[in-house]
Amino acid sequence: MIGIFHVFMWYFLLVLYKGQIKGAFGIYEPITYKTGCTLWGIFFIIAGVFIIAVTKYPTRAAIICTLIINIFCIITTITAVTLTIIELSYFNSPSYRNYGQAKLGREVSRILLFFYPLEFSVALTYSVCSCSNLFRRQSDLTSVAEEAENTF
């Protein structure tokens, strides 16, 4: 769900920044927009699909694959937070025509900065649970969802 939200925010920023008018001071293109940082939400969608598949059919290979994807999501989240902080700490004033769009884009970045810790915690929690699940024998393999239910 968070990944879909990030993809929609990327589309919003795409429409927002493509509508800028070339002014005397230029257009506003932050580093997160140039790198497609919000489009990285696709990785979280893929990780969610793998988590659902592993929950239904828990095999050792599927758990390892999902663990690798979640570790990649953790790295992606840390990179996205770093780029967003760099973007928000440096603001070169664009043309007065594009100032409103730049301010709105920065507000979207602040909203996304709020959601990155949530993505990080989901990926980290699942990674820790799947690591603990990997040490079990193949015959005793249960899904992570069953393990989480049993702990409560």
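Position numbers for residues count from 1 along each chain, tracking the sequence in the order it is written. Only residues with pLDDT of at least 70 get local features here, since the model is predicted, and only at 80 or more are side-chain atom pairs given and counted; chain-wide, interface and lining totals rely on the full set of residues. Side-chain metrics rest on all non-hydrogen atoms present in the structure, leaving aside hydrogens and water.

1. Overview of the overall build of the protein chain
Helix and strand content of the protein chain: 6 helices and 0 strands. Secondary structure is summarised from DSSP: a helix means a run of H or I of at least four residues, a strand means a run of E of at least two, and numbering begins at the N terminus for each. The order of helices and strands in the protein chain, counted from the N terminus, is α-α-α-α-α-α. Burial status follows relative accessibility: with a 1.4 Å probe on protein chains alone, a residue under 20% of its type maximum counts as buried, one over 50% as exposed, and anything between as partly exposed. Relative to its full complement of 152 residues, the protein chain shows a buried share of 37%. Whether two residues are in contact is decided by their heavy atoms, any of which lying within 4.5 Å being enough. Within the protein chain, residue pairs in contact and separated by at least 24 positions form 74% of the contacts whose partners lie at least 6 positions apart. Surface summary for the protein chain: the accessible area is close to 9,000 Å², and the carbon and sulfur share equals 72%. Reported accessibility uses the Shrake-Rupley method at a 1.4 Å probe radius. Residues are deemed covered only where the shown protein chains occlude them.

2. A few points about the layout of surface pockets
Its boundaries defined by the atoms lining it, the largest pocket holds a volume of some 360 Å³. In this analysis, the protein atoms alone were mapped onto a 1 Å grid. Cavities are point sets where a 1.4 Å probe fits without being able to get out; pockets are open sets with protein on both sides within 12 Å along at least five of seven lines; lining residues have an atom within 4 Å of a point. Together, 17 residues line the largest pocket, and Phe44, Gly48, Ile51, Val122 and Ala123 are the ones closest to its centre. Of all the secondary-structure elements, those providing two or more residues to the lining of the largest pocket are helix 1 (2–18), helix 3 (41–56) and helix 5 (99–134). Among the residues making up the lining of the largest pocket, the classes are represented as 12 nonpolar, 4 polar and 1 charged. Grid points are joined across faces, edges and corners, and a volume is the space filled by probe spheres set on the points. Residues are sorted three ways: Asp, Glu, Lys and Arg are charged, Ala, Val, Leu, Ile, Met, Phe, Trp, Tyr, Cys and Pro are nonpolar, and all the rest, Gly among them, are polar.

3. Some thoughts on the nonpolar core
Counting 9 residues, the largest nonpolar core consists of Met9, Leu13, Leu16, Tyr33, Cys37, Ala80, Val108, Leu112 and Tyr116. Contributions of two or more residues to this core are made by helix 1 and helix 5. Setting aside anything within four residues of it in sequence, one finds valine 108 in contact with Met9, Phe12 and Leu13. Counting residues in each nonpolar core, the second largest holds 6 residues, with Phe44, Ile69, Ile74 and Ala123 among its members. We call a set of buried Ala, Val, Leu, Ile, Met, Phe, Trp, Tyr and Cys residues a nonpolar core when their side-chain atoms join them within 4.5 Å.

4. Quick notes on the side chain of threonine 76
Tracing the sequence through the fold places threonine 76 in helix 4 (residues 60–89). For this analysis, a polar contact is any N or O atom pair within 3.5 Å, provided that within protein one partner can donate a hydrogen and the other can accept it, and provided that sequence-adjacent residues contribute only side-chain to side-chain pairs. A polar side-chain atom of threonine 76 sits 2.8 Å from the main-chain carbonyl oxygen of phenylalanine 72. Aside from chain neighbours lying at most four places away, what touches threonine 76 is Trp40 and Phe43.

5. Focus: the UniProt feature "transmembrane region" (unreviewed entry) in the protein chain
Under the local residue numbering, the UniProt record ascribes the feature "transmembrane region" (unreviewed entry) to residues 7–25, 31–54, 61–91 and 111–129. Taken end to end, residues 31–54 is 75% helix and 0% strand, and its two terminal C-alpha atoms sit 35 Å from one another. For residues 111–129, the end-to-end C-alpha separation is 28 Å, with 100% helix and 0% strand making up the annotated structure. UniProt positions are given in the numbering used here, feature names are shortened, and annotations may be inferred rather than shown by experiment.

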